[in-house]
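# Per-entry structural report
Here is how the chains run, residue by residue.
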Amino acid sequence: MSVYLCGELDPPEVQAWLQALRAALPEERIDTSLLSLDPATVDVVLVANPPPGQLKTFTSLRLIQSLWAGVDRLLADRTLPADVPLARMVDDSMSQAMAETALWAVLSLHRGFFDYAQQQRECRWAVLPQRRADELQVAVLGLGQLGRVVASRLLAQGYAVHGWRQGGRSAGPAAPAGVTVHAGLTALAPLLACSDIVVNLLPLTDDTRDLFDATRLAWMKPGAALINLARGAQVVEADLLAALDSGQLSRAVLDVFQREPLDVSHPFWAHPRVTVLPHAAALTDPRSAARVVAANVRALRRGQPLANLVDRRRGY
Ligand code: NAP
Ligand code: GLV
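Residues numbered from 1 in each chain as written. Chains lettered and ligands numbered in written order. Predicted model: local features only at pLDDT ≥ 70, side-chain atom pairs only at ≥ 80, totals over all residues. Heavy atoms only, no water.

## Details of the domain arrangement of the protein
Taken as a whole, the protein is organised into domain 1 (2–91 + 284–302) and domain 2 (92–276). A separation of 32 Å is found between the C-alpha centroids of domain 1 and domain 2. Interface area, domain 1 with domain 2, both sides summed: about 740 Å², of which 53% is carbon and sulfur. Counting the surface domain 1 buries against domain 2, the share from its top three residues, D72, V90 and D91, is 59%. Put simply, domain 1 and domain 2 have one salt bridge between them. (Domains from an automatic or database assignment. Buried area = accessible area lost by both parts, 1.4 Å probe. Salt bridge = Lys/Arg side-chain N within 4 Å of Asp/Glu carboxyl O.)

Structure, rendered in structure tokens:
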């Protein structure tokens, strides 16, 4: 049987993946071209958001392994084989990268570094008030693989960290000690109302789509900031612009957008209180991720339990 790699990867990325995968799984036949591979022999696909419909070619599949952490685009493909286990990417390197991005954004908001950058462009010398980290309430929405590492890093930096998750205290892996856990939709309004900075790390599901609409943005503490590192479809962009323009929100740091790449005419690019990143908060690193893939492929071959499986009913 063989392993097929496909999806949104440019030629240098394909080469990096093939090199890392072949080093991590020397016993497997791994290819990216169906010219040299019979689809009937493919039982594992490694996917980076392939075009909808692509996986139905494979009739012998036993594992769909996503190279991305978020599987919303895969799950939106109605032709995705329903009975084949779907695993997502969970990799410490990705979590560390996400923690770096979140810490940079929170620190920059807390210490006014985005404002100082603006002042420099205007040749303006003005010292802003300096707050202690423990004076800021930071909410991390989503206490999953990424949210927990982000929350730990922010806690270590001295912030008062809150986490929001679906289940109660006992659901899922424990939140880092020191993080105040809030659970369920009823907890969201009071959490948003007391948070100076909100970091979104929720998966995109039916429940989280358009989460930040005019109503939820109005629940936020006046002058608070939003950092979206998860998915663009969780924010109603027109409502966010209105909240920024009215002063309800002081700033937004956005890594993800409704449509990517962000159109050159989009108002976010030039907005004085929006910071744009090109969906680069935490990239999958083939060097470490290939080892994660290898562990799952070997587990499959040995009939052992697979790791990082997506619960298709929950959508993450
Ligand atoms: P994960 O391990 O699946 O964790 C998801 C967390 O969200 C869990 O704590 C879950 O609650 C919570 N959650 C889900 N639905 C909820 C709801 N309706 N209300 C409240 N909490 C809810 O996910 P992850 O690995 O941390 O990744 C999170 C997302 O980050 C990915 O899905 C992806 O979209 C995004 N991402 C972005 C980048 C980037 O570069 N921008 C990179 C990687 C990933 P429970 O704990 O109760 O289940
Ligand atoms: C990136 O956004 C990912 O889901 O891995």
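What follows continues from the structure just given.
## Focus on the nonpolar core
Of all hydrophobic cores here, the largest spans 59 residues; its most connected members are L154 and I227. Of the residues that make up this core, three or more belong to each of domain 1 (2–91 + 284–302) and domain 2 (92–276). Among the nonpolar cores identified, the runner-up in size contains 27 residues, and A139, L141, L202 and V274 belong to it. (Core = buried A, V, L, I, M, F, W, Y, C linked by side-chain atoms within 4.5 Å. Buried < 20%, exposed > 50% of the residue type's maximum accessible area, 1.4 Å probe, protein only.)

## As for the site of ligand 2
Near ligand 2, the surroundings consist of W68, A69, G70, M94, R231 and H279. Within the backbone of G70, a nitrogen or oxygen atom sits 2.7 Å from an oxygen atom of ligand 2. Within the side chain of H279, an N or O atom sits 2.6 Å from an oxygen atom of ligand 2. Considering ligand 2 on its own, with 200 Å² of exposed area, one finds that the protein chains cover 87% of that surface. The residue inventory of the shell around ligand 2, partitioned by class, reads three nonpolar, two polar and one charged. (Near = heavy atom within 4 Å. Polar contact = N/O pair within 3.5 Å; in protein donor to acceptor, adjacent residues only side chain to side chain. Areas by Shrake-Rupley, 256 points an atom, 1.4 Å probe, with all protein chains shown as cover. Nonpolar A, V, L, I, M, F, W, Y, C, P; charged D, E, K, R; others polar.)

## Considerations on the packing of helix α1 (residues 11–24) against helix α10 (residues 286–302)
At a closest axis distance of 8 Å, the pairing of α1 and α10 adopts a crossing angle of 45°. Put simply, α1 runs oblique to α10. Crossing angle aside, the handedness with which α1 passes α10 is right-handed. Every residue of α10 that contacts α1 at A16, W17, A20, L21 and A24 is listed here: P286, R287, A289, A290, R291, V293, A294 and R298. Of the residues contributing to the contact of α1 with α10, the split by class is 10 nonpolar, no polar and three charged. (Axes fitted to C-alpha atoms, helices over the stretch in contact; angles between N-to-C directions. Helix = DSSP H or I, 4+ residues; strand = E, 2+ residues; numbered from the N terminus. Parallel < 35°, antiparallel > 145°, perpendicular 65-115°, else oblique. Left-handed = near helix turned anticlockwise from the far one by under 90°. Contact = heavy atoms within 4.5 Å.)

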